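Single-letter residue listing:
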There are 2 protein chains.
Amino acid sequence: MLTERQEQILRALVEEYIVHADPVGSRTVSKREDIGFSAATIRNEMADLEEMGFLEQPHTSAGRMPSQSGYRYYVDYLMGPQRIDRSELLAVRRLFASQMDALEQTIQQTVSILSRITNYTSILLGPELYDNKLKHLQVVPLTDRVAVSLIVTDTGHVDQRRIRVPEGVSLSSVEQMVNLLNTKLSGIPLHRLKGRVYRELYSELSRHVEHYESLLSMIDQILVDDLDGRLFFSGTTNILTQPEFRDVEKVKALMDLFEQSDAVARLFTTDHDMGIQVKIGQENHLEAVNNCSIVSASFSLNGRSLGRIGVLGPTRMNYRKVVSLLEVLVEDFSEYLRRRYG
Amino acid sequence: MLTERQEQILRALVEEYIVHADPVGSRTVSKREDIGFSAATIRNEMADLEEMGFLEQPHTSAGRMPSQSGYRYYVDYLMGPQRIDRSELLAVRRLFASQMDALEQTIQQTVSILSRITNYTSILLGPELYDNKLKHLQVVPLTDRVAVSLIVTDTGHVDQRRIRVPEGVSLSSVEQMVNLLNTKLSGIPLHRLKGRVYRELYSELSRHVEHYESLLSMIDQILVDDLDGRLFFSGTTNILTQPEFRDVEKVKALMDLFEQSDAVARLFTTDHDMGIQVKIGQENHLEAVNNCSIVSASFSLNGRSLGRIGVLGPTRMNYRKVVSLLEVLVEDFSEYLRRRYG
DNA sequence: TTTAGCACTCAGGGCTTAGGAGTGCTAACA
DNA sequence: TGTTAGCACTCCTAAGCCCTGAGTGCTAAA
């Protein structure tokens, strides 16, 4: 599609623009070590690249900057891998070497390290509880009418909710029920629990426990199905140092977006679940991130995706570094999960 | 200290400035309904008020704006109460009428309603677990070496942590210990638990349970003492619509502050624990909130303060409305707590 | 095919000017 | 003696203008 020279020029221009955030002129490109042509030649090629839609000019006498397609082409064909700094690599390794922290804590630290190294905002979605298996179920009565239910999963996640105790249900029958559920449901993935109860335990409950209809309503409260992944953020203010966010309006739009979990989660959805995904600018179909890009990757356990981790920065982001870093990070994170839960 | 006329003028000027965010001129003040003097007279008084330090001028030919002391005087002596909108009052009442939500959920909704009505940022600190009483303790083993500990309090709060199971400790002895702790410690405030264990249960443990030294180390992990209050935020981006936050630098400073829990918590500390507290500008002793004010109030249960809820806005905030609203809100919230836990 | 040369374009900074809001002072008035 | 009208003065702001420099596109020569 592009000649080799055009690719050289496009790559040089993108990388120059990523660093300096100013439109790049032909002279600047021609002075780079990897370019061996005069400014005039570059100008010709740049005019062609602009016609093809890879470059844009903010106004006639300014240099060029990459268009969305320009970034796309750069990411898909030109950028290649980048070696990660030794010290940064070390920080990642050290994080996943620790054993004792709760999963949530490790996740928070992972997100945090990612935002610190990249200087962008980093977001983690998940891990979903969907697949987690029931380890232990407990109901703690607070008053006659109110209790707290606890579900501990095999990954150590605790789901807690406040539930209403139906009229006429005795403490001992609740206990009986909980015991039954624990013996029958232990090891079952959370998303199957409800089905199991109705298919297999219904008759047993009705035989062994009095007031079983009321108890079923309690079970309904305990086993609700919002098993969605949680969101973890770090470095939400990093992006404020970027020159494209001088305008408070844009800052507000983005910060508001961050508070809408579902919208953020949607930014991560993808068809091809595995591997690194780069969504550039308007590919995200969301006003607030029109001039942002999102690089994200799935982490998985036993071949099944658990969630996604990603970096959000301006479209003028250092894709090369972010993608390479994310590759390493996700691999190490998945390895860590395997070691702990696999 | 001030003549009545000076107070009239100061009040008018503060209220005018709060609405329009522009320095207020003598003409504007003299045109208000509650002022019956000519602009020239106002000018004389304003010059005096400036000399006394209650007003400032950004430059010679601009109007005046309140200084920090000006706001202080206004808040302390001039503003008076304000009737809360019927619809807003209703929203508050409706919130606290609901019964079933978990405390955390109610708290989040309270903060949210406060930020929506005021259009500033609202923050809640606490409630501290300090005083909560132990309802139920549970240890769920995940693997041989790792377990999850759960503490349910009488308010329905669940404290969970991942703990390490010492070598050589059997499942049954853990169970024994948990049972013992539950019978002996139920109803004891959390901050007393550790003392109790060492003073009264030590000998009993050593008699009944094998490996009791290892078990004690487990207990130490379970009963850690970070019972600090959590922070809840809402409307963090509201403040971005204020003209004093046009500058992204200031936005960043504030957002960064929000991520430092301890610094935020310190903003709420106070000597006189009860009642409404207004901290204006530099009274907060923190660069990032130099041009912000914080109005906060304690909520309490059985005469004991549980935490504080507050509003953060620009120094040019609508103190009258915020203070009045907070009075109502805190009273209703405390009443709600009493009904539920009192 | 590449490059040097040259005329042209246009944003941004600096400077000037006009307008207007608001002041302080003075003198007249009740 | 306190209050008010009048007036000269200050100084910010926005608008207009010019100039500069970076960068371009085109043309002609190498």
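Residues numbered from 1 in each chain as written. Chains lettered and ligands numbered in written order. Predicted model: local features only at pLDDT ≥ 70, side-chain atom pairs only at ≥ 80, totals over all residues. Heavy atoms only, no water.

- Going by an unreviewed UniProt entry, chain A carries the name Heat-inducible transcription repressor HrcA and comes from Paludifilum halophilum.
- According to its UniProt record, chain A has this under Function (unreviewed entry): "Negative regulator of class I heat shock genes (grpE-dnaK-dnaJ and groELS operons). Prevents heat-shock induction of these operons." (UniProt positions renumbered as here; feature names shortened; annotations may be inferred.)

## Side note on the protein's contact with DNA strand D
Link 1 in the chain: As a structural note, the neighbourhood of DNA strand D is formed by 20 residues, with Ser26 of chain A together with Arg5, Thr41, Thr60 and Ser61 of chain B the closest of them.
Link 2 in the chain: Arg43 of chain B places a polar side-chain atom, nitrogen or oxygen, 3.2 Å from a base oxygen of DNA strand D.
Link 3 in the chain: Contact distances for DNA strand D include 3.2 Å between a phosphate oxygen and a side-chain N or O atom of Thr60 of chain B.
Link 4 in the chain: Those elements giving two or more residues to the surface near DNA strand D turn out to be helix H3 (39-51) of chain A together with helix H3 (39-51) of chain B.
Link 5 in the chain: If one sorts the elements of the surface near DNA strand D by residue count, H3 of chain B sits on top with four residues.
Link 6 in the chain: When the residues that make up the surface near DNA strand D are grouped by side-chain class, the tally is four nonpolar, 12 polar and four charged. (Near = heavy atom within 4 Å. Polar contact = N/O pair within 3.5 Å; in protein donor to acceptor, adjacent residues only side chain to side chain. Helix = DSSP H or I, 4+ residues; strand = E, 2+ residues; numbered from the N terminus. Nonpolar A, V, L, I, M, F, W, Y, C, P; charged D, E, K, R; others polar.)

## Concerning the protein's contact with DNA strand C
Link 1 in the chain: Within the structure, DNA strand C sits among 20 residues, and Thr41, Thr60 and Ser61 of chain A together with Ser26 and Arg64 of chain B are positioned closest to it.
Link 2 in the chain: Protein-proximal atoms of DNA strand C, defined as those within 4 Å of the protein, fall in sugar or phosphate at a share of 78%.
Link 3 in the chain: One of the side-chain N or O atoms of Arg43 of chain B is found 3.1 Å from a base nitrogen in DNA strand C.
Link 4 in the chain: Among the elements of the structure, H3 of chain A together with H3 of chain B are those that each provide at least two residues to the surface near DNA strand C.
Link 5 in the chain: By residue number, the principal contributor to the surface near DNA strand C is H3 of chain A, which donates four residues.

## Focus on the domain arrangement of chain A
All names here are of chain A.
Link 1 in the chain: The assigned domain composition of chain A is domain 1 (4-78), domain 2 (86-128 + 229-341) and domain 3 (134-222).
Link 2 in the chain: Placing a centre on the C-alpha atoms of domain 1 and another on those of domain 2 gives a separation of 28 Å.
Link 3 in the chain: Counting residues at the interface gives nine residues for domain 1, matched by 12 residues for domain 2.
Link 4 in the chain: The interface formed by domain 1 and domain 2 contains one salt bridge.
Link 5 in the chain: Measuring nitrogen to oxygen at the nearest pair gives 2.6 Å for the salt bridge that ties Glu283 to Arg72.
Link 6 in the chain: Where domain 1 meets domain 2, there are five residue pairs in polar contact (both at pLDDT 80 or more). (Domains from an automatic or database assignment. Contact = heavy atoms within 4.5 Å. Salt bridge = Lys/Arg side-chain N within 4 Å of Asp/Glu carboxyl O.)

## Some remarks on the side chain of Asn182 of chain B
All names here are of chain B.
Link 1 in the chain: Inspection of the secondary structure assignment puts Asn182 in helix H7 (residues 171-185).
Link 2 in the chain: Overall, the relative accessible area of 16% leaves Asn182 in the buried class.
Link 3 in the chain: Beyond its immediate chain neighbours, meaning those up to four positions away, Asn182 contacts His136 and Leu137. (Buried < 20%, exposed > 50% of the residue type's maximum accessible area, 1.4 Å probe, protein only.)

## Some details on the sheet that holds strand S6 (residues 158-164) of chain A
Residue and element names in this part refer to chain A.
Link 1 in the chain: Across the sheet, three strands lie side by side as S4-S5-S6; this open sheet has antiparallel pairing. In this open sheet, the two edge strands, each paired with only one partner strand, are strand S4 (134-141) and S6. Adjacent strand axes in the sheet meet at a mean angle of 20°, parallel and antiparallel pairs treated alike.
Link 2 in the chain: Pairing of strand S5 (residues 146-153) with S6 involves seven bridges; the strand directions are antiparallel. Bridge pairing in S6 links Ser149 to Arg161.
Link 3 in the chain: The strands that helix H9 (residues 212-222) touches are S4, S5 and S6; relative to S6, the one it contacts most, it runs at about 140°. (Pairing = 2+ DSSP bridges. Axes fitted to C-alpha atoms, helices over the stretch in contact; angles between N-to-C directions.)

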